[in-house]
Amino acid sequence: TLPSEEGGSGEKSPFILEPDTMELEVDETKHLTVFAFPEQARLYRDEVVCLLKDNPNPTVFSISALGAEPVVEVDQDVVAFDRLLLGKKLTKTLTLKNVCPIPTNWKLSGVDALPAEFSVSHTSGTLKPCHEQVVEITFEAREENKFEPQISLEVEDTEGRGVRQEVQPIRVQAEAFKISPTVTI
């Protein structure tokens, strides 16, 4: 990007050219590598300008890069089970959807701390852009009790750059009960 005093936007470009300048002889070929390191989730555009000897018109190559952050949406922040009679089992689903243009790593933390009455089908994985993952949470009523544990969805980039989405808490609510009939004669 040209500096503002030379007519450019003055904005820092996310593009790095390697090498940053080069000269070519007639019929010579060299490789130019373009790297992009966007700092925000938006579209960046720039140009590579090539000046030709004895030609007043430069050759311009447009380049662009889409900056993105990992974003996974969850279809519900509370997984509420109906009251269950002892000995019964019920499964609910939680749907995770990658709504960003890059693959993401996801993990459900706190699953290990869930009471033994709960089981979770998937606790981590990688989601491609626009893909979904259905997670089944099963509650088995073993003894009379009310449960309100919490798990959390953690999402980060797949390149190990440490770009993370804000942790999303997910509450789980369930109750196990028994029927104790009393017979009086």
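Computed from a predicted structure; not experimentally measured.

Looking now at the environment of Gln133. Summarising the element assignment, Gln133 is placed in strand 11 (residues 132-140). In this structure, the C-alpha to C-alpha distance between Gln133 and Leu51, residues 82 residues apart in sequence, is 50 Å. Ignoring any residue separated from it by four or fewer positions in sequence, one finds Gln133 in contact with Leu94, Thr95, Leu96, Trp106, His122 and Leu127. A polar atom in the side chain of Gln133 sits 3.5 Å from the side chain of His122.

Within soluble globular proteins, side chains that are nonpolar tend to cluster in buried spots. Leu108, Phe118, Ile137, Phe139 and Leu153 are the most contacted members of the largest nonpolar core, which has 26 residues in total. Sorting the residues of this core by element identifies strand 5 (72-74), strand 6 (78-85), strand 7 (89-98), strand 8 (104-109), strand 9 (118-120), strand 11, strand 13 (150-157) and strand 14 (168-177) as the ones contributing at least two each. When residues in this core are grouped by element, the largest group, four residues, is from strand 14. Apart from the residues within four sequence positions on either side, Phe118 is in contact with Phe81, Ile137, Thr138, Phe139, Phe147, Pro149, Val172 and Ala174.

Turning to the packing of aromatic side chains, a few remarks are in order. Counted by the stated rule, this structure contains six aromatic pairs. Considering the side-chain rings of Phe35 and Phe37, the 6.4 Å spacing of their centres and the 15° angle between planes classify their relative orientation as stacked. Given the relative accessible area of 38%, Phe35 is considered partly exposed. The class for Phe37 is partly exposed, based on a relative accessible area of 39%. Seen in terms of ring centroids, Phe81 and Phe139 are 5.7 Å apart; in terms of plane orientation they differ by 50°. Their pairing is tilted. Remark: Phe139 occurs in strand 11 and Phe81 occurs in strand 6; sequence separation between them is 58 residues. Side by side, Phe81 and Phe139 carry an identical accessibility label, which is buried. Among the aromatic residues, those joined into a ring-pair cluster are Phe81, Phe118, Phe139 and Phe147. Its end group placed over the ring of Tyr44, Arg42 keeps NZ or CZ at 3.9 Å from the ring centre. Residue placement shows Arg83 over the ring face of Phe177; its charged tip is 4.2 Å from the ring centre.

How each quantity is defined
Residues numbered from 1 in each chain as written. Predicted model: local features only at pLDDT ≥ 70, side-chain atom pairs only at ≥ 80, totals over all residues. Heavy atoms only, no water. Helix = DSSP H or I, 4+ residues; strand = E, 2+ residues; numbered from the N terminus. Contact = heavy atoms within 4.5 Å. Polar contact = N/O pair within 3.5 Å; in protein donor to acceptor, adjacent residues only side chain to side chain. Core = buried A, V, L, I, M, F, W, Y, C linked by side-chain atoms within 4.5 Å. Buried < 20%, exposed > 50% of the residue type's maximum accessible area, 1.4 Å probe, protein only. Phe/Tyr/Trp six-rings, centres within 6.5 Å; stacked < 30°, edge-to-face > 60°. Lys NZ or Arg CZ within 6 Å of the ring centre and 35° of its normal.

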